[in-house]
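Summary of structural features
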Amino acid sequence: MFQSVVREALDEILPQKAAVTCGSTQKMISINDVIYFESLNRHIIFHFANTSTLEIKDSMENMISFFSYPSFVQIHRSYCINLNYVDSFTPLAVTMTDGCKIPLSRKKQTIFQERFNNLIRGTIK
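**A word on the environment of Ser71**
In this structure, Ser71 sits in the loop between α2 (60-66) and β6 (72-76). For the pair Ser71 and Tyr85, spaced 14 residues apart in sequence, the C-alpha separation works out to 9.5 Å.

See the structure below:
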């Protein structure tokens, strides 16, 4: 019991890291700093809170399974966002804190709103 509580607390306060392959190099990225990532021509482009980007060769399907964190949700076939960086949204688009407007597909509206409401209620982090 105590160990699970400590693990949960550490997961909240320590930055979560992930290794992604960029060419022949493994690069560590901070999950918490990813605003969103997009798929373009069989590449994934990560957009970070510090305005930097990172491009890797991979599929959206692989990245969605890799980023199975509660705060990430796919809102379009080409975009997956971090709900912690949502500034505002309409039925057609989500505006991120960096000002980028990301299209919100009709098929993904319900899951986006459910997950966003859960974040607001504090049931996901």
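What follows continues from the structure just given.
**Some details on the sheet that holds strand β10 (residues 101-103)**
One open sheet accounts for three strands, arranged β8-β9-β10; its pairing is antiparallel. Every interior strand has two partners, whereas the edge strands, β8 (86-89) and β10, have only one. Strand-to-strand twist across the sheet, computed as the mean angle between neighbouring axes with direction ignored, equals 30 degrees. Note: β8 against strand β9 (residues 93-96), three bridges, orientation antiparallel. Within the sheet, the bridge partner assigned to Ser88 lies in β9 and is Thr95.

**Re helix α3 (residues 109-121)**
Its 13 residues place the ends of α3 18 Å apart at the C-alpha level, agreeing with the 18 Å of an ideal helix rising 1.5 Å per residue. Regarding α3, the residues found buried are Phe112, Phe116 and Leu119. Take α3 and look down its axis: the buried residues cluster within an arc of 55 degrees, on one side only. Relative to its buried face, α3 has exposed residues pointing more than 90 degrees away, namely Thr110 and Arg121. Residues of α3 that are buried make contact with β6, β7 (79-82), β8 and β9. The positive-phi residue at the C-terminal boundary of α3 is Gly122, with phi of around 85 degrees.

**Section: the sheet that holds β7**
Adjacent strands of a sheet pair through backbone hydrogen bonds, lying either parallel or antiparallel. Strand order across the open sheet formed by five strands is β5-β4-β3-β7-β6, with antiparallel pairing between neighbours. Two strands lie at the open edges of the sheet, namely β5 (53-57) and β6, each paired on one side alone. Mean inter-strand twist for the sheet, computed between neighbouring axes without regard to direction, equals 20 degrees. One ladder, built from five bridges, connects strand β4 (residues 43-48) with β5; its direction is antiparallel. Bridge pairing links Ile44 to Ile56 in β5. Packed on one face of the sheet, α3 meets β6 and β7 and runs near 150 degrees to β6.

**As for the packing of aromatic side chains**
For the structure shown, the criterion picks out 13 aromatic pairs. Taking 6.2 Å as the distance between ring centres and 25 degrees as the angle between the ring planes, the aromatic pair formed by Phe46 and Phe48 counts as stacked. Grouping residues by exposure puts Phe46 and Phe48 together as buried. Between Phe89 and Phe116, the aromatic rings sit 5.2 Å apart at their centres with planes inclined by 75 degrees, giving edge-to-face as the arrangement. Placement of the pair is Phe89 in strand β8 and Phe116 in helix α3, with a sequence separation of 27 residues. Judged by its relative accessible area of 31%, Phe89 is partly exposed. A residue is classified by how much of its surface remains accessible, and Phe116, at 14% relative accessible area, is buried.

How each quantity is defined
Residues numbered from 1 in each chain as written. Predicted model: local features only at pLDDT ≥ 70, side-chain atom pairs only at ≥ 80, totals over all residues. Heavy atoms only, no water. Helix = DSSP H or I, 4+ residues; strand = E, 2+ residues; numbered from the N terminus. Pairing = 2+ DSSP bridges. Axes fitted to C-alpha atoms, helices over the stretch in contact; angles between N-to-C directions. Expected span 1.5 Å × (residues − 1). Buried < 20%, exposed > 50% of the residue type's maximum accessible area, 1.4 Å probe, protein only. Arc of directions from axis to C-beta. Contact = heavy atoms within 4.5 Å. Phe/Tyr/Trp six-rings, centres within 6.5 Å; stacked < 30°, edge-to-face > 60°.

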